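Take a look at the letters that make up each chain.
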Amino acid sequence: MVRSSYGDFSPWKAPAAFGDEDFKGNGLKTLQWLTNDLIPELKTAYGADREIYLIGYSLAGLFALWTAYETDIFSAIASCSGSLWFEQWDQYVSHHRIKHESYIYISLGGKEEKTKNQVMARVGDRTRKQEQILQNDSKVKKTILEFNSGGHFADSEKRLSKAVKWLLKNRKEQ
């Protein structure tokens with residue numbers, strides 16, 4: 001089963017930021033599916049002693065970062081072009097702490113905050129603030145904020161590859 005709608009990755013309900021589809025807030029259900037179904041199945045197939053990384057792009061990037069505040073099963077997180085503009089994200093992170101010692105990679109396209117959409121325009125400030133918060137969190141072993149050229153949809157595969165490379169390199173240096 002693959003999750004893909006706005007509702008499945010949003011941590012809580014929120015009004016639409018673009019278009020007319022509200023965010024349904026089913027992130028907890030997706031996290032429960034990951035922890036109760038998918039991850040146990042993967043551990044059975046590939047070994048129970050492996051570290052687990054969670055990587056996401058766009059709203060899935062927000063979801064990946066949110067899971068680090070909600071559960072202690074991920075050793076590394078990547079939020080590529082994460083939707084940190086999401087309603088109340090700034091309040092949420094000010095009241096929560098990362099639950100597991102983690103390596104966290106964050107990236108953003110250089111043009112993403114240059115938009116007329118006032119909700120999405122705050123993504124740059126929120127992403128820079130997120131990096132500061134993570135740098136001051138004792139559970140975060142190492143974090144980086146990397147800016148890429150282009151807007152939100154530019155080179156997503158390349159950006160995800162950079163995230164994986166950084167996480168693997170930094171976990172190996174441990």
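Residues numbered from 1 in each chain as written. Predicted model: local features only at pLDDT ≥ 70, side-chain atom pairs only at ≥ 80, totals over all residues. Heavy atoms only, no water.

(A) Here's a closer look at the environment of Asn 26. Of note, Asn 26 is situated in the loop between strand S2 (23–24) and helix H2 (27–46). Sequence-wise, Asn 26 and His 95 are 69 residues apart; in three dimensions their C-alpha atoms are separated by 20 Å. What Asn 26 contacts, discounting residues up to four positions off in sequence, is Gly 7, Asp 8 and Ser 10. (Helix = DSSP H or I, 4+ residues; strand = E, 2+ residues; numbered from the N terminus. Contact = heavy atoms within 4.5 Å.)

(B) Local environment of H2. Maximum bend of H2: about 40°, positioned at Leu 34. Taken as a whole, H2 has its buried residues at Gly 27, Thr 30, Leu 31, Trp 33, Leu 34 and Ile 39. Just past H2, the residue Gly 47 takes up positive phi, approximately 115°. (Bend = angle between axes of the 7 residues up to and from the residue. Buried < 20%, exposed > 50% of the residue type's maximum accessible area, 1.4 Å probe, protein only.)

(C) View of the sheet that holds strand S5 (residues 102–109). A sheet is described by the order of its strands in space; here four strands give the open sequence S3-S4-S5-S6, paired in parallel fashion. The open sheet is flanked by strand S3 (53–57) and strand S6 (140–148), the only strands paired with a single partner. Neighbouring strand axes in the sheet, compared pairwise and without regard to direction, differ in orientation by 10° on average. Looking at chain direction, S5 and S6 are connected through eight bridges and run parallel. Bridge pairing in S6 links Gly 109 to Asn 148. (Pairing = 2+ DSSP bridges. Axes fitted to C-alpha atoms, helices over the stretch in contact; angles between N-to-C directions.)

(D) Fine view of the packing of H2 against helix H3 (residues 59–70). Closest axis-to-axis distance for the H2/H3 pair is 11 Å, and the angle between their directions is 75°. Accordingly, the angle class assigned to the pair H2 and H3 is roughly perpendicular. Two secondary-structure elements touch here, H2 through Gly 27, Leu 28, Thr 30, Leu 31 and Leu 34 and H3 through Phe 63, Trp 66, Thr 67 and Glu 70. In terms of residue class, the contact of H2 with H3 is built from five nonpolar, three polar and one charged. (Parallel < 35°, antiparallel > 145°, perpendicular 65-115°, else oblique. Nonpolar A, V, L, I, M, F, W, Y, C, P; charged D, E, K, R; others polar.)

(E) Region of the structure containing the environment of Leu 38. Among the structural elements, Leu 38 can be located in helix H2. Residues Leu 38 and Arg 122 lie 84 residues apart in sequence; the distance between their C-alpha atoms is 34 Å.

(F) Highlighting the nonpolar core. Leu 65, Tyr 69, Ile 77, Phe 86, Trp 89, Ile 104 and Leu 134 are the most contacted members of the largest nonpolar core, which has 38 residues in total. At the level of secondary structure, the elements contributing two or more residues to this core comprise H2, H3, helix H4 (89–94), S5, helix H5 (123–135) and S6. It is H3 that contributes the most residues to this core, nine residues altogether. Apart from residues no more than four positions distant in its own chain, Ile 104 is found in contact with Leu 65, Ile 77, Ile 98, Leu 134, Val 140, Lys 142, Thr 143, Ile 144 and Trp 166. (Core = buried A, V, L, I, M, F, W, Y, C linked by side-chain atoms within 4.5 Å.)

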